[in-house]
Amino acid sequence: MKKRFLAILIGCAMASSSGWAQQLWPEVTKEMKPWTRWWWLGSAVDKPNLSREIKLLNEAGFGGVEVTPIYGAKGYENRYIPFLSDKWMDMLAFTVDQARTHQMGVDINLGTGWPFGGPQIEAQHAATKLFLDEIKLKKGQEIAFPLGVSDTKQSFSKLQVLRAYKSDGEEINLDEQMHRQSGSWTAPEDVTVIALFSGRTRQQVKRAAPGGEGFTLDHLGKEPVQHYFARFQNVFQGKELGIRSFFNDSYEVYGANWTDSFLEEFEKRKGYKLQAYLLDFAGKGTDKEQEKRVKSDYRSVVNDILRENFLIPFTSFAHQHGALSKNQAHGSPGNLIDLYASTDIAECETFGSSFFAIPGLRRDSADVRNVDPDPMMFKFASSATHTSGKKYTSSETFTWLTEHFKTSLAQAKPEVEQLFLAGVNHVFYHGTTYSPEDVAYPGWLFYASVNFTTNNSFWSHLPGLNTYITRVQSILQTAQADNELLIYWPIYDVWHDTNAPFKTLGVHHVDNWLHPTEFYKQSRHLQRLGYSFDFASDAILARSSVKDNKIVTAEEARPYQVIYVPTTQYFSEKTLENLLNLARDGATVIFETLPQDVDGLANLETRRKKLHDLLETLKFAADEPNQYTAYGKGKVYLTKDVHSALETEQLYAERLARTGLKFNRRVTDKGTYYYIVNHTDKTIDQFVRLNKEGEHYTLLDPQTGAIFNLPAEKRDVRLQIPAGYAWVVYVSDQDKAEVAYRYADNLQEERVFSEKWKVSFLKGGAQLPKGRTLSTPAFWTAWNDEVANKFAGEAAYETSFMLAKQGDKGYQLHLGAVGESARVWVNGKDAGIVWANPFVVEIGELLRDGKNEIRIEVANLMANRMRDLDQRKVNWRNYHEINFVNIDYKAFDASQWKVMDSGLGGPVKLFSY
């Protein structure tokens with residue numbers, strides 16, 4: 001009889017090997033596997049090493065690579081291949097061919113380093129910024145022409161607006177003087193002159209590869225973007241690239257707040273001249289409300305032209321070459337939802353390390369950045385995907401998760417689970433560095449962690465993490481998100497302020513633009529209650545329709561049941577009209593409070609009147625806190641108690657959330673999948689009634705692949721999920737698992753480990769320590785052995801024991817403290833990789849009645865060996881550009897690190913149940 005798996009491992013074929021099990025787990029495609037960003041240092045690649053690395057990546061469970069050429073290693077300049085040269089294109093074609101041989105895919109960065117730019121970008125097409133120079137003149141003082149910008153480093157600038165302001169704010173228009181090449185203008189009285197120049201940021205491509213160096217692109221300008229793509233068009237013309245997608249990294253275009261044609265674009269879109277409100281735009285006016293409105297209009301135009309001049313053409317260019325477009329919108333100066341939705345694949349990013357209460361999960365404050373990734377940020381990308389009816393939301397994953405060489409597979413697991421819970425369904429590791437076989441340890445490395453390289457000690461155990469991710473993504477990619485709420489994001493409240501005009505919305509500044517908002521607070525509140533939702537923009541609501549009283553945001557999107565509008569001050573009258581039209585057609589709309597005013601300055605009074613007139617149609621009383629009205633075929637609520645309103649609509653939160661478990665609900669035409677994760681400090685063991693009910697409840701264990709039938713009592717299903725573990729519960733009226741799940745009740749320790757433990761070192765370096773015999777397992781770094789303290793690699797702990805095996809019992813092996821991952825063998829048979837908390841594996845079917853032999857192969861991390869290299873002052877850090885830095889972006893030095901616990905710390909115990 002099959003026993004319960006409580007392991008985090010791969011390779012256990014017991015329940016998952018049946019044909020029926022294979023039908024429930026989707027057939028794996030390359031997209032279902034994790035991919036990795038593959039840095040080509042100096043593009044110093046060759047075909048034998050490309051072939052070798054692709055083979056190793058495939059064996060480790062990767063489904064593809066994302067090629068990003070960057071700066072090179074010193075001393076290898078003769079191997080550098082210029083970006084987009086014939087030889088470089090030959091290497092790319094070879095990579096695609098090798099990947100295809102291994103059923104893998106290839107994405108490429110449409111540039112080198114980041115952001116987009118390169119040698120084809122001359123000053124006229126480079127990233128552009130405005131200068132608002134201020135000159136104080138006393139009566140009778142002069143300014144001489146031609147007037148130059150204050151930044152003396154500017155070699156390409158243009159004076160676009162010139163105004164003088166008297167002390168009472170009266171304007172003197174000097175635009176006619178701007179183009180004078182000689183002469184002067186004399187102040188008739190004391191004035192302040194403001195000159196708006198269009199200049200250049202002078203930013204170069206960061207981390208550029210040979211042949212990719214140059215100015216950063218002006219992403220806001222139509223002509224510069226087309227000029228940028230032209231280089232690739234010329235090289236790609238007539239070639240079958242075989243690339244899955246072209247990738248654009250996060251918007252790290254510092255200070256690029258302008259384009260030369262911005263004033264014309266602004267007037268065309270807003271109907272008034274920005275220069276007519278130059279004093280407000282410069283933050284020098286007295287009417288702060290007007291300043292907010294002018295700046296909001298400016299930010300709105302930046303958003304529109306970034307989308308129309310860059311992202312949509314980027315997607316079009318990708319399609320011309322048989323590829324998809326993939327974009328990281330975070331950090332952009334615009335509505336993130338719409339910018340994410342402007343390409344085929346929205347990609348978010350994890351940066352830094354989160355705290356989890358999981359017992360035994362290592363988190364050293366010295367090894368993490370002082371940032372905490374906010375999963376709510378990921379939902380901007382997944383919302384763009386879900387509301388557009390697209391398939392993939394990807395993520396740049398594990399960026400600076402911990403200090404170099406100190407990241408365990410166990411630490412990666414809950415971090416990637418936060419992405420899955422937020423709707424991400426295709427992760428890209430950050431990352432893997434191509435490294436030739438002839439480069440000494442540690443090989444070539446990228447300056448930012450995590451180092452998922454073939455020299456990493458955990459490489460042979462990496463398939464444990466990768467297979468887990470593949471199983472989860474197979475569900476998330478083949479089923480649709482089942483989110484009942486559509487929450488409006490009040491972007492105009494974000495845009496209406498008196499800060500500097502240019503406003504980027506990045507992952508590192510959520511404390512400023514996201515966390516203080518009522519939108520964020522209400523979203524967190526609803527999530528804690530157990531509701532599932534996506535975010536909506538004005539554009540999404542504008543294209544939405546109603547069918548069967550549900551809101552349809554796109555033809556391929558799953559409909560939503562309610563639109564929720566958190567408290568917002570500034571609101572588009574067009575959006576309000578769209579919302580009321582949806583209500584009239586049968587939708588339910590809930591306002592926390594009614595909008596106070598329209599956004600921006602354009603056509604202000606007319607738009608205000610329209611907003612007022614539309615609000616009047618609701619006929620809500622001014623002093624009633626909770627109100628409701630029928631509106632056409634639908635309903636509109638006005639209440640601060642959104643929970644009660646939702647329950648009035650018979651829309652109930654998942655009780656599952658009350659247990660402390662987190663979940664992501666997905667649906668197919670056959671049933672509903674609940675991806676459930678326990679990030680608490682204890683096992684959650686209780687009966688839960690899921691909102692989606694069915695005749696059958698099936699456990700798909702993503703750690704093992706095992707499948708079991710879960711017994712239900714009056715539609716209540718018992719969950720028994722240890723801290724750090726995850727389940728997928730499949731609810732269906734059709735499919736039923738063959739094998740009943742056995743809960744691990746009444747664990748009894750079998751005190752069987754009385755024999756000595758033999759420890760032998762298998763592979764690694766710099767030198768294999770001598771093995772020894774122990775009475776009980778212990779970290780090899782606790783032996784006072786200098787060779788062992790410098791070692792990175794694998795060692796085997798072996799012993800034997802006698803067991804009076806009982807056929808009606810299951811048996812769990814608890815490994816205790818593991819530094820950092822292990823593969824377990826029982827009686828010569830592989831029990832799987834144990835790579836994350838709770839470090840427990842089911843071994844009942846591998847045990848014998850009588851004598852049993854156990855072998856635990858443990859891999860540590862690279863840290864101790866790197867510590868030794870730095871103590872011996874070995875020059876392994878030798879790169880151009882940024883070279884190699886620590887987690888605080890200071891010169892890297894591991895020589896003062898403490899020795900990290902490595903090996904099997906135990907205590908190792910066997911439990912029966």
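Here the structure is a predicted model, which is why all the values come from computation and not from measurement.

## Digging into the overall build of the protein chain
Within the protein chain, the secondary structure is distributed over 20 helices and 45 strands. What you see for the protein chain is a C-alpha radius of gyration of 30 Å, in line with the 29 Å of a compact globule of 913 residues. Here the C-alpha coordinates of the protein chain stretch approximately 105 × 70 × 50 Å along the principal axes. Burial statistics for the protein chain: of 913 residues in total, 63% are counted as buried. Taking the contacts inside the protein chain whose residues are at least 6 apart along the sequence as the reference set, 79% of them involve residues at least 24 apart.

## What about the environment of Asn886?
Locating Asn886 in the fold gives a position in the loop between α20 (863–871) and β44 (903–906). Judged by relative accessible area, Asn886 falls into the buried class, the value being 15%. Ignoring any residue separated from it by four or fewer positions in sequence, one finds Asn886 in contact with Trp400, Glu403, Ala891 and Phe892. Here the side chain of Asn886 touches Asp888 through a polar contact of 2.9 Å, landing on its backbone nitrogen.

## Topic: unusual backbone geometry
Most peptide bonds adopt trans geometry, and most residues besides glycine take a negative phi value. For the peptide bond that leads from His430 to Gly431, omega is -5°, which places it in the cis range. With respect to the helices and strands, the residue Gly431 is situated in strand β16 (residues 426–433). Following Gly906, the chain continues to Pro907 via a peptide bond in cis, the omega torsion being 0°. Mapped onto the elements, Pro907 comes out in the loop between β44 and β45 (909–912). Positive phi outside glycine occurs at Ser43, with the angle close to 50°.

## Describing the confidence of the model for the protein chain
Chain-level pLDDT for the protein chain is 96 on average; 98% of the residues reach the 70-or-more range. Predicted confidence is poor over residues 1–21, with pLDDT under 50, and the contacts of this stretch with residues over four places away or in other chains come to 89 contacts.

## Concerning the sheet that holds strand β40 (residues 821–826)
Taking strand neighbours across the sheet as the criterion, the six strands line up as β36-β35-β37-β43-β40-β41 in an open arrangement whose pairing is antiparallel. One side of each edge strand has no neighbouring strand; the edge strands of this open sheet are β36 (772–774) and β41 (829–834). On average, each strand axis in the sheet is tilted by 25° relative to the strand beside it, whichever way the strands run. Pairing analysis gives five bridges linking β40 to β41, with the strands arranged antiparallel. From the neighbouring strand, Val826 faces β41, where its bridge partner is Lys829.

## Remarks on the pairing of strand β27 (residues 671–677)
In terms of residue burial, β27 counts as a mostly covered element, since seven of its seven residues are buried. Burial of β27 is two-sided: the residues Gly671, Tyr673, Tyr675 and Val677 facing one way and the residues Thr672, Tyr674 and Ile676 facing the other way are all buried. Pairing geometry for strand β26 (residues 662–667) and β27, over six bridges, is antiparallel. Among the inter-strand pairings, Arg666 is bridged to a residue of β27, identified as Tyr673. Where β26 folds back onto β27 in an antiparallel hairpin, the turn is made up of three residues.

## Here we look at the pattern of salt bridges
Overall, the coordinates contain 64 salt bridges when judged by the stated rule. Residue Glu484 pairs with Arg665 through a salt bridge whose shortest N-O separation is 2.6 Å. One end of the pair, Glu484, is in the loop between β17 (480–481) and β18 (485–488); the other, Arg665, is in strand β26, with 181 residues separating them in the sequence. Like Arg665, Glu484 is buried. Salt-bridge contacts for Arg872 lead to Asp868; the nearest nitrogen and oxygen are separated by 3.0 Å. Residue classification places Asp868 among the buried residues on the basis of a relative accessible area of 5%. Through salt bridges with shared partners, one network takes in Arg37, Glu66, Asp107, Arg244, Asp249, Lys326, Glu347 and Glu396.

## Examining the packing of helix α16 (residues 573–584) against helix α17 (residues 604–616)
It is the contact of α16 with α17, at a shortest axis distance of 9 Å, that shows an interaxial angle of 25°. Classified by the interaxial angle, the pair formed by α16 and α17 is roughly parallel. When the axes of α16 and α17 are compared, the crossing they make is left-handed. Counting all contacts with α16, which are made through Glu573, Leu576, Glu577 and Leu580, the residues of α17 involved are Arg607, Lys610, Leu611, Leu614 and Leu615.

## Observations regarding α17
Counted at 1.5 Å a residue, the expected span for α17 with its 13 residues is 18 Å, and the 18 Å between its end C-alpha atoms agrees. Residues of α17 that are buried include every one of Leu604, Arg607, Leu611, Leu614 and Leu615, and no others. An end-on view of α17 places all buried positions within 100° of arc, on one side of the element. Every exposed residue of α17 that faces more than 90 degrees away from the buried side is listed here: Glu605, Thr606 and Lys609.

Parameters and conventions
- Residues numbered from 1 in each chain as written.
- Predicted model: local features only at pLDDT ≥ 70, side-chain atom pairs only at ≥ 80, totals over all residues.
- Heavy atoms only, no water.
- Helix = DSSP H or I, 4+ residues; strand = E, 2+ residues; numbered from the N terminus.
- Rg over C-alpha atoms; globule rule 2.2 N^0.38 Å.
- Buried < 20%, exposed > 50% of the residue type's maximum accessible area, 1.4 Å probe, protein only.
- Contact = heavy atoms within 4.5 Å.
- Polar contact = N/O pair within 3.5 Å; in protein donor to acceptor, adjacent residues only side chain to side chain.
- pLDDT = per-residue confidence, 0-100.
- Pairing = 2+ DSSP bridges.
- Axes fitted to C-alpha atoms, helices over the stretch in contact; angles between N-to-C directions.
- Salt bridge = Lys/Arg side-chain N within 4 Å of Asp/Glu carboxyl O.
- Parallel < 35°, antiparallel > 145°, perpendicular 65-115°, else oblique.
- Left-handed = near helix turned anticlockwise from the far one by under 90°.
- Expected span 1.5 Å × (residues − 1).
- Arc of directions from axis to C-beta.

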